[in-house]
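An overview of the molecular structure
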Amino acid sequence: MFIINVDLEKCTGCGECVNICPVQVYELGPDGKTNPVNADACEGCMSCVEVCPEQCIEVKEM
Ligand code: SF4
Ligand code: SF4
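Below you will find a few notes about this structure. (Residues numbered from 1 in each chain as written. Chains lettered and ligands numbered in written order. Predicted model: local features only at pLDDT ≥ 70, side-chain atom pairs only at ≥ 80, totals over all residues.)

Scanning the chain from terminus to terminus reveals two helices and four strands. When the helices and strands of the chain are placed in sequence order, the string is β-α-β-β-α-β. Taking 2.2 N^0.38 as the reference for a compact globule, 62 residues should give roughly 11 Å; the C-alpha atoms of the chain span a radius of gyration of 10 Å, in line with that estimate. Along the three orthogonal principal directions, the C-alpha set of the chain runs to about 25 × 20 × 15 Å. Residue pairs at least 24 apart in sequence account for 51% of intrachain contacts in the chain once pairs closer than 6 positions are excluded. (Helix = DSSP H or I, 4+ residues; strand = E, 2+ residues; numbered from the N terminus. Rg over C-alpha atoms; globule rule 2.2 N^0.38 Å. Contact = placed C-beta atoms within 7 Å.)

Let us now look at the site of ligand 2. Not every one of the 14 residues close to ligand 2 is listed here, only the nearest: Cys11, Cys14, Glu16, Cys17 and Cys52. The residue makeup of the shell around ligand 2, split by class, is eight nonpolar, four polar and two charged. (Near = placed C-beta within 6 Å. Nonpolar A, V, L, I, M, F, W, Y, C, P; charged D, E, K, R; others polar.)

Our next topic: the nonpolar core. Counting residues in each nonpolar core, the largest one holds eleven residues, listed as Val6, Cys11, Cys17, Cys21, Val25, Tyr26, Cys42, Cys48, Cys52, Ile57 and Val59. Setting aside residues no more than four positions away along its own chain, valine 6 makes contact with Cys11, Thr34, Pro36, Cys56 and Ile57. (Core = buried A, V, L, I, M, F, W, Y, C linked by C-beta atoms within 7 Å. Buried ≥ 20, exposed ≤ 12 C-beta atoms within 10 Å, placed from the backbone.)

Neighbouring ligand 1 are 15 residues; Cys21, Val25, Cys42, Cys45 and Cys48 lie closest to it. At the level of secondary structure, the elements contributing two or more residues to the shell around ligand 1 comprise β1 (2–6) and α2 (47–51). Residues belonging to the shell around ligand 1 are distributed by class as follows: twelve nonpolar, two polar and one charged.

In this section: the environment of cysteine 11. Looking at where cysteine 11 falls in the secondary structure, it is placed in the loop between β1 and α1 (16–20). Once the C-alpha coordinates of cysteine 11 and glycine 32 are considered, the two residues, 21 residues apart in sequence, prove to be 9.0 Å apart. Dropping the residues within four chain positions of it, cysteine 11 is found in contact with Val6, Lys33, Thr34, Glu54 and Cys56.

Note that all results are geometric; they support no functional claim without further evidence.
Here it is, written out as structure tokens:
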């Protein structure tokens, strides 16, 4: 299982993490920022961490 932390102060809502995640973990919320609504599905591939231009995603294995 993986824990996802997003620094919403830094998130610009660019949607790169939404697009790259192979298991649709993220959605853009009404505030225009990303939201890991499906975090339980995370496979720890780290694509979202690597793609985020603001380096605001942290994924850790529990
Ligand atoms: S680590 Fe991979 S599976 Fe997990 S949220 Fe990021 S892109 Fe999706
Ligand atoms: S890639 Fe980073 S800046 Fe872009 S929406 Fe996702 S968390 Fe926010």
